[in-house]
Amino acid sequence: MAVAEAQLYAKVSNKHQGRSTSALLEPLLAKGFPAHIAQKALVATGQKTVEDAVKWLHSHCNDPSLDDPIPQEYALYLCPTGRLHSRLQDFWRESKRQCGKNRAHEVFPHVTLCDFFTCEDQKVELLYDILKRVGDSFSQSFPPSISLTLHSSPSYLGFFIDESQANVLKEFAVAFSSEASALADCHVKPSLKQFHLTLAHRFYPHHQKTLEQLAKCINPGEPCQWVAALYSRDMRFVHYQRLRALFQYKPQNIDELMISAGDLIWVDPRQQSEASEGWVIGTSHRTGCRGFLPENYTERAHESDTWVKHREYVFDTASRSFPKAEKEPNVKLNGEAHNLSMSRSVTNVLSLQNTALRRGVLVMRHGERVDQVFGKSWLQQCLTADGKYYRADLNFPSSLPRQKDSMKQFECDPPLSCCGIFQSRLIGEALLDQEVTVSYVYSSPALRCVQTAQHVLQGLKLNQKIRIRVEPGLFEWTKWEASRAIPNFMTVAELVEASYDIDTSYRAHFPLSCLVPSESYEDYLGRSSAVIKQITTACPSKGRGVILIVGHGSSLTSLARALAGLPGRDSGDLARMARKIPSLGMCFCEEQKEENKWQMVNPPVKTLTHGANTAFNWRNTILED
């Protein structure tokens, strides 16, 4: 048992255990479920229906924590609904697309009334009664409309609530917390600081201007009905990461976790030392079971995705609302008035201009390399006694390009596997389907990268129309080379002779002779930063033309972060991150020309995920005794 969980057990073991006579509880007791487990199921499903609770119990039949006496944590939030909520959700989506995820995206739009507190399962119904009773007592004094003022700083953006209206909300929060503490034996702390509705938090300072422009498009005077909502979360997993399963996974071993598409999984990043590369240890939100699962079957989920909504009190202020002027209201940003219609018009014009002029840089890792499947000694498996190449497996390339030196050079500069070729063409076809206009293609001198670029262009139907610019400065960190030497890459002439579409007139920004074996990490970051800036400068804007760069796993962070003006990761983080990037993993940067910067946004196509296919010997398997 983890130390933190042991402390939780000690915290609740001395609590008095009462018994509820809930109308929902009795049918579960009649089915033979123990009272404490039935109550746990009702709380976990928001005490909505007996059917939901029974379904939860069946899903958690193998949950090792089913008998644990740890209660849930609860919070009381004031949440907007209606058109204001829709506008806030639009901001959430657009801010995430343009500036990436920040801390505010973890939770839905809300104003905190009472932060998280614990409540025993059998006393949760008392919270529902208290919420209704306190809500009724404040129904007439609740503000007909809530005045919101936009506030911005280098790390925070949000709406502050007018002080006089905030005082009413604080009184409501104090009344709820007082009754909950007295009647449900809960230690509830009302929020007494500046009441606010957060739009963005802990973002990069250079995104502040973009976020402000988006926020000015929100009209805080939009029709809105406010609700006080009670949510719960599992206190054991507060500091865990949350993943969402993209695909079903059926365990191959007893210590693996069964997951279905859409499942939510809690993962403790501090307890991953036992997991192999590409795997994580997680606990299923749906079943409570714990085990290993493939990380590339998942995506990051939001913190509130695992929360449960219990009850809400709707403040009906429609009959008391004052008539509003027809003209567009102003939004105050740090005390300065801004006309919403003007802000929207300017933003829309800028948006249209940006769409026409915006360039993109698509940084892509190469496809599956042959030694990734067959190991470092792959070439020995494919050479006859007289040194000729033959295809020992269908995933080996049908032939190797001709090289002036010995074929041994391919051991340090391996080609793509046949699956890697297929992957690359598939990505090219997907880019074609999305009508992505690729104007320039750059590649690391590694053969696997040149081949990836070639087959992506074939998928795009641009082979022989766009030629590949081989740039040695795009090669990965040379310290990672096992031979401690720069590989003997194929020359441009050899690549052309092997029918690769190479731009022979291109002069590299970073000549091959300048690559230093075992370079320092600072030198690698400096090289990457210089090369990406030289590439974007050398490629004039062609409408929404995309610059395709095919490199290595480390390229996605060393190039994209440098282009976006973000600080480089430390060397340990780079290694861990690079191991997680699959074949054809990619990231995309868009130019914000009016702000003279680049920012990372979602790539134009989806990722490519597939399972392993191990070697098969029918004789050893079928004829085995």
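A few points on the structure.

Scoring rules and cut-offs
Residues numbered from 1 in each chain as written. Predicted model: local features only at pLDDT ≥ 70, side-chain atom pairs only at ≥ 80, totals over all residues. Heavy atoms only, no water. Buried < 20%, exposed > 50% of the residue type's maximum accessible area, 1.4 Å probe, protein only. Helix = DSSP H or I, 4+ residues; strand = E, 2+ residues; numbered from the N terminus. Pairing = 2+ DSSP bridges. Axes fitted to C-alpha atoms, helices over the stretch in contact; angles between N-to-C directions. Salt bridge = Lys/Arg side-chain N within 4 Å of Asp/Glu carboxyl O. Core = buried A, V, L, I, M, F, W, Y, C linked by side-chain atoms within 4.5 Å. Contact = heavy atoms within 4.5 Å. Parallel < 35°, antiparallel > 145°, perpendicular 65-115°, else oblique. Left-handed = near helix turned anticlockwise from the far one by under 90°. Nonpolar A, V, L, I, M, F, W, Y, C, P; charged D, E, K, R; others polar. Phe/Tyr/Trp six-rings, centres within 6.5 Å; stacked < 30°, edge-to-face > 60°.

### Describing the pairing of strand S10 (residues 290-294)
Phase 1: Within S10, four of the five residues are buried, which leaves the element mostly enclosed by the surrounding structure.
Phase 2: Pairing analysis gives five bridges linking strand S9 (residues 279-284) to S10, with the strands arranged antiparallel. Its bridge partner lying in S10, isoleucine 281 is registered against phenylalanine 292.

### Section: unusual backbone geometry
Phase 1: Even without glycine at this site, glutamine 47 takes up a positive phi of about 50 degrees.
Phase 2: Relative to the elements of secondary structure, glutamine 47 occurs in the loop between helix H3 (35-44) and helix H4 (50-59).
Phase 3: The buried category is assigned to glutamine 47, whose relative accessible area is 6%.
Phase 4: Within the chain, glutamate 435 stands out as a residue other than glycine whose phi angle is a positive 60 degrees.
Phase 5: Tracing the sequence through the fold places glutamate 435 in the loop between helix H11 (418-433) and strand S16 (438-443).
Phase 6: For glutamate 435, a relative accessible area of 70% translates into the label exposed.

### Brief notes about the sheet that holds strand S11 (residues 298-300)
Phase 1: Spatially, the five strands line up as an open sheet ordered S10-S9-S8-S7-S11, and their pairing is antiparallel. The open sheet has two edge strands with one neighbour each: S10 and S11. Averaged over all adjacent pairs, the angle separating strand axes in this sheet is 45 degrees, with direction ignored.
Phase 2: In terms of strand pairing, strand S7 (residues 241-245) meets strand S8 (residues 264-267) through four bridges, oriented antiparallel. Its bridge partner lying in S8, arginine 244 is registered against leucine 264.

### Some points on the pattern of salt bridges
Phase 1: Scanning the entire structure with this criterion turns up 27 salt bridges.
Phase 2: In this structure, lysine 101 and glutamate 106 form a salt bridge, with 3.2 Å as the shortest nitrogen-oxygen distance.
Phase 3: In this structure lysine 101 comes out as partly exposed when scored by relative accessible area, which is 37%.
Phase 4: The closest approach of N and O atoms between arginine 369 and aspartate 371, which form a salt bridge, is 2.7 Å. Considered together, arginine 369 and aspartate 371 belong to a single accessibility category, that of buried residues.

### Observations concerning the nonpolar core
Phase 1: The biggest cluster of nonpolar side chains holds 53 residues, and the ones touching the most others in it are Leu127, Phe176 and Leu199.
Phase 2: Aside from chain neighbours lying at most four places away, what touches leucine 199 is Leu88, Phe91, Trp92, Asn102, Ala104, Leu150, Leu157, Gly158, Phe159, Ala215 and Ile218.
Phase 3: Listed in part, the 43 residues of the second largest apolar core include Leu362, Val436, Leu462 and Ile466.

### Considering the packing of H3 against H4
Phase 1: Contact geometry for H3 and H4: axes closest at 8 Å, N-to-C directions at 110 degrees. One finds that H3 runs roughly perpendicular with respect to H4. Both H3 and H4 take part in a crossing whose hand is right-handed. In this structure, H3 uses Ile37, Lys40, Ala41, Leu42 and Ala44 to contact H4, whose residues at the interface are Ala53, Trp56 and Leu57.
Phase 2: Per-class residue counts for the contact of H3 with H4 are seven nonpolar, no polar and one charged.

### With respect to the packing of aromatic side chains
Phase 1: Taken as a whole and assessed by the stated rule, the structure comprises 27 aromatic pairs.
Phase 2: Summarising the aromatic geometry, the rings of tyrosine 249 and tyrosine 297 are spaced 5.7 Å apart at their centres and angled 85 degrees between planes, so their arrangement reads as edge-to-face. Pair noted here: tyrosine 249 is in the loop between S7 and S8 and tyrosine 297 is in the loop between S10 and S11, with a separation of 48 residues, a long-range link. Both residues of the pair, tyrosine 249 and tyrosine 297, count as buried.

### A few points about the side chain of glutamate 106
Phase 1: As for its position among the elements, glutamate 106 is in the loop between helix H5 (82-99) and strand S2 (111-119).
Phase 2: Residue contacts for glutamate 106: discarding those within four places in its chain leaves Lys101, Ala301, His302, Glu303 and Ser304.

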